[in-house]
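If you want the building blocks of each chain, they are given just below.
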Amino acid sequence: QAHLAESGGGLVQAGGSLRLSCAAPRRTFSTYHMGWFRVAPGKDREFVAAITKSGGSTYYADSVKGRFTISRDTDKYTVYLQMNSLKSEDTAVYYCGATLTSTVSIPNWKTYAYWGQGTQVTVSS
């Protein structure tokens, strides 16, 4: 059972920045594509961003393109989500996940085998 551990959430004003971290076991980090999803109150789980296991490709939801950046640190087995120009609509619990799926299915949360416990991001307007 892979254990993914998110951190970095918090309260920030609109226009501010946060960086989320997701630490993974070495084998998971090197074998799985990693993605970030979020769940806002009263809404379904929403794809945010993902990065392939090679780090060669990244994917973003249209709502975060140009504001969020996903990256990975191969020394720390950690995936990051840098969030800039935050908006109130970015308020949600953010989850890190790991998937073996084909790249075309990366935005589909149902293909993810492992999840972290989630970290709350609250953006005040």
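Everything below is about the structure printed above this text.
Residues numbered from 1 in each chain as written. Predicted model: local features only at pLDDT ≥ 70, side-chain atom pairs only at ≥ 80, totals over all residues. Heavy atoms only, no water.

Q: Residue-level account of the overall build of the chain, with values.
A: Looking only at helices and strands, the chain has 1 helix and 11 strands in total. Reading the secondary structure of the chain in the N-to-C direction produces β-β-β-α-β-β-β-β-β-β-β-β. The C-alpha atoms of the chain give a radius of gyration of 13 Å, which matches the 14 Å a tight globule of 125 residues would have. Here the C-alpha coordinates of the chain stretch approximately 40 × 25 × 25 Å along the principal axes. The 125 residues of the chain split such that 44% are buried. Here the contacts in the chain between residues at least 6 apart in sequence split such that 57% fall between residues at least 24 apart. On the chain, roughly 6,300 Å² of surface is accessible, and the fraction owed to carbon and sulfur atoms is 46%. Separation of charge centres in the chain, based on 13 positive and 8 negative side chains, amounts to 5 Å. (Helix = DSSP H or I, 4+ residues; strand = E, 2+ residues; numbered from the N terminus. Rg over C-alpha atoms; globule rule 2.2 N^0.38 Å. Buried < 20%, exposed > 50% of the residue type's maximum accessible area, 1.4 Å probe, protein only. Contact = heavy atoms within 4.5 Å. Areas by Shrake-Rupley, 256 points an atom, 1.4 Å probe, with all protein chains shown as cover. Lys, Arg positive; Asp, Glu negative; His and termini not counted. Charge placed at Lys NZ, Arg CZ, Asp CG, Glu CD.)

Q: Before we move on, can you summarise the state of the cysteines with the specific residues and values?
A: Summed over the entire model, instances satisfying the criterion amount to 1 disulfide. Disulfide pairing is shown between C22 and C96; the S-S distance is 2.0 Å. Taking the sign of the torsion about the S-S bond as the criterion, the disulfide between C22 and C96, at about -75°, is left-handed. Remark: C96 occurs in strand β9 (residues 92–99) and C22 occurs in strand β3 (residues 18–23); sequence separation between them is 74 residues. Note on C22: relative accessible area 0%, which makes it buried. (Disulfide = S-S within 2.5 Å.)

Q: Tell me about unusual backbone geometry, residues and numbers included.
A: Phi angles above zero are rare outside glycine, and Y77 is one such case at about 50°. Turning to its location among the elements, Y77 is positioned in the loop between β7 (68–73) and β8 (78–83). Backbone geometry places S85, a non-glycine residue, at a positive phi of 50°. Mapped onto the elements of the fold, S85 is located in the loop between β8 and β9.

Q: Got a sec to walk through the environment of S54? Specific residues and values, please.
A: Mapped onto the fold, S54 is located in the loop between β5 (46–51) and β6 (58–60). What makes S54 exposed here is its relative accessible area of 60%. As a C-alpha pair, S54 and P41 span 13 residues in sequence and 33 Å in three-dimensional space.

Q: If you had to explain the packing of aromatic side chains to someone new, which residues and values would you point to?
A: Under the counting rule described, the total for this entry stands at 6 aromatic pairs. Each ring, one from Y112 and one from W115, has its centre 5.3 Å from the other, and the planes form 35°; the classification is tilted. Overall, W115 belongs to the partly exposed group, its relative accessible area being 24%. Within the aromatic cluster, the residues linked to one another by ring pairs are F37, F47, Y112 and W115. Residue placement shows R45 over the ring face of Y95; its charged tip is 5.0 Å from the ring centre. One Lys or Arg, R45, reaches over the ring of W109 and ends 5.3 Å from the middle of that ring. (Phe/Tyr/Trp six-rings, centres within 6.5 Å; stacked < 30°, edge-to-face > 60°. Lys NZ or Arg CZ within 6 Å of the ring centre and 35° of its normal.)

Q: Quick rundown of the nonpolar core? Include the residues and the values.
A: Formed by 33 residues in total, the largest nonpolar core has its most connected members in M34, W36, L81, M83 and Y94. Secondary-structure elements contributing two or more residues to this core are β3, β4 (33–39), β5, β7, β8, β9 and β11 (119–124). Sorting elements by how many residues they give to this core places β5 first, with 5 residues. (Core = buried A, V, L, I, M, F, W, Y, C linked by side-chain atoms within 4.5 Å.)

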